[in-house]
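So you can see what is in the structure, the chains are spelled out below.
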Amino acid sequence: MTKIPSGIRGGVITGYGTALPPTVLTNDDLAARMDTSDEWIRERTGILSRHVGGTTSGLSIESGRKAIEMAGLDPSEIDALVLATTTPDRTVPATSATVQNGLGLRCGAFDVNAACSGFVYSLVVAHGLLAMGARKILVIGTDTLARITDWEDRNTAILFADGSAAVVLEAAENGGQLLAWNLDADGSAEEFLFAEIGGHIKMDGKEVFRRAVRIMCDSAEKSMADAGLTADDIAMVIPHQANIRIIQAACDRLGIPEERTATVLHYTGNTSSASIPLALVDALRSDRIKKGDNILLVGFGAGMTAASAIIKWGGQ
Ligand code: UT7
């Protein structure tokens, strides 16, 4: 059980921003390089195109700056930076250090690597920092998977891409937005999806698919139970953007109609740590989320990790 104790200070999202590199790779571009087709990729994944290029720090600085501006803050007011990424620019230091400097922040900064679950992990950690006295936190999810993708391997090259999205979380004394959360990991499944240092992503797609639906739903069901909510109470699901068939199967099992799901994978591909916040911001920009809505963020990734969080948009 991870019920949030009453009286704990929470937070609300007051700003957000995104960054996608300008270069777009379509399915036809990939079909020109390897034995695949636009039709196969569309049908089996839901992806039509993806953005590639840039660095994890560069994209993070761009999305982070937009989020801080939208929140109406000066960078010096941020108390902590949490950067979710599985593709740091260097082994040492953490990419968050480069981002901290690039944004002119004057606070602690650290990376969180939980692969595609990283943004939800980071959001939960950030709420912990708010409970411990921090007031303004920048949470960024960024990955540049193109750098570790084998562009000769049709099993992975059709899926992975680059992107970033950021949110500013500000302390809320009278009940924040986070209603419940769940973080999970099963290291015994690491061989199904990994990249050695300096190497390319290796994936057993079928096994990842099979486990993904189960671990996403398990995590989401635990969060819903802790929040005292059922599927009918969830206004919008923001799932990890890996494969439209995984999203459909998970929604089906959770009993949440697909119309209540945010998807961006058709134009972003799988951007790992960036995928959930990119989908969240897309839903906000298209006015699909209203104050008071219960939003379920849920993801899975290498590790294998899974994570979910339920937020009441605008706070309680
Ligand atoms: O963040 C987490 C990241 N990872 C994931 O989410 C991966 C989860 N898995 C998947 O999304 C899917 O398993 C894939 C999209 C990777 C593959 O889809 P699938 O429906 O599991 O395809 P499959 O591997 O069962 O292959 C079906 C057929 C095979 O041909 P035969 O044996 O039926 O003749 C493959 O050789 O499709 C063929 N195939 C392709 N054809 C064209 C496999 N990949 C491709 C391709 N283009 N890219």
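Just so you know, these numbers come straight off a predicted model, no measurement behind them. (Residues numbered from 1 in each chain as written. Predicted model: local features only at pLDDT ≥ 70, side-chain atom pairs only at ≥ 80, totals over all residues. Heavy atoms only, no water.)

Participant: Tell me what's going on with the pattern of salt bridges, and back it up with residues and numbers.
Facilitator: Inspection of the entire model under this criterion finds 12 salt bridges. The shortest N-O distance in the salt bridge between E173 and R9 comes to 3.1 Å. With E173 in the loop between strand 7 (162–172) and strand 8 (178–185) and R9 in the segment before strand 1 (10–19), this residue pair connects regions lying 164 residues apart in the sequence. Exposure remark for R9: the relative accessible area of 16% places this residue in the buried category. Of the charged contacts in the structure, one is a salt bridge between E207 and R211, with a shortest N-O distance of 2.8 Å. In this pair, E207 and R211 both sit in helix 7 (residues 205–227), 4 residues apart, roughly one turn of the helix. The two residues E207 and R211 agree in class, both being buried. When salt bridges that share partners are traced, they join D186, E207, R210 and R211 into one network. (Salt bridge = Lys/Arg side-chain N within 4 Å of Asp/Glu carboxyl O. Helix = DSSP H or I, 4+ residues; strand = E, 2+ residues; numbered from the N terminus. Buried < 20%, exposed > 50% of the residue type's maximum accessible area, 1.4 Å probe, protein only.)

Participant: Tell me what's going on with the sheet that holds strand 8, and back it up with residues and numbers.
Facilitator: As summarised here, the arrangement of the 4 strands in space is 8-13-12-11, forming an open sheet in which the pairing is mixed. If you trace the sheet from one side to the other, it starts and ends with strand 8 and strand 11 (236–239), each paired once. Taken over all neighbouring pairs, the strand axes of this sheet differ in orientation by 10 degrees on average, direction set aside. Taken together, the 8 bridges between strand 12 (residues 294–301) and strand 13 (residues 305–312) define a ladder with antiparallel strand orientation. (Pairing = 2+ DSSP bridges. Axes fitted to C-alpha atoms, helices over the stretch in contact; angles between N-to-C directions.)

Participant: Help me get a handle on the nonpolar core, residues and values and all.
Facilitator: Counting 43 residues, the largest nonpolar core has I234, L296 and F300 as its most contacted members. Contributing elements (two or more residues each) for this core: strand 10 (201–203), helix 7, helix 8 (244–254), strand 12 and strand 13. Tallying contributions element by element places helix 7 first for this core, with 8 residues. When residues of this core are assigned to domains, at least three fall in each of domain 1 (10–172) and domain 2 (178–312). Residues within four places of I234 in sequence aside, it is in contact with M224, L229, I256, R260, N294, L296 and I310. Counting residues in hydrophobic clusters, the runner-up holds 39 residues, among them F119, A134, V139 and M236. (Core = buried A, V, L, I, M, F, W, Y, C linked by side-chain atoms within 4.5 Å. Domains from an automatic or database assignment. Contact = heavy atoms within 4.5 Å.)

Participant: How would you summarise the site of the ligand if you had to cite specific residues and measurements?
Facilitator: Close contacts around the ligand come from 23 residues, with T36, R44, K206, N243 and R245 the closest. Measuring from an oxygen atom of the ligand, one finds a side-chain N or O atom of R44 at 2.7 Å. Separating an oxygen atom of the ligand from a side-chain N or O atom of H240 is a distance of 2.9 Å. Notes on the ligand: free accessible area 950 Å², of which the protein chains cover 73%. The element best represented in the shell around the ligand is helix 7, accounting for 4 residues. Considered class by class, the residues forming the shell around the ligand number 11 nonpolar, 7 polar and 5 charged. For the shell around the ligand, the two domains that each supply at least three residues are domain 1 (10–172) and domain 2 (178–312). (Near = heavy atom within 4 Å. Polar contact = N/O pair within 3.5 Å; in protein donor to acceptor, adjacent residues only side chain to side chain. Areas by Shrake-Rupley, 256 points an atom, 1.4 Å probe, with all protein chains shown as cover. Nonpolar A, V, L, I, M, F, W, Y, C, P; charged D, E, K, R; others polar.)

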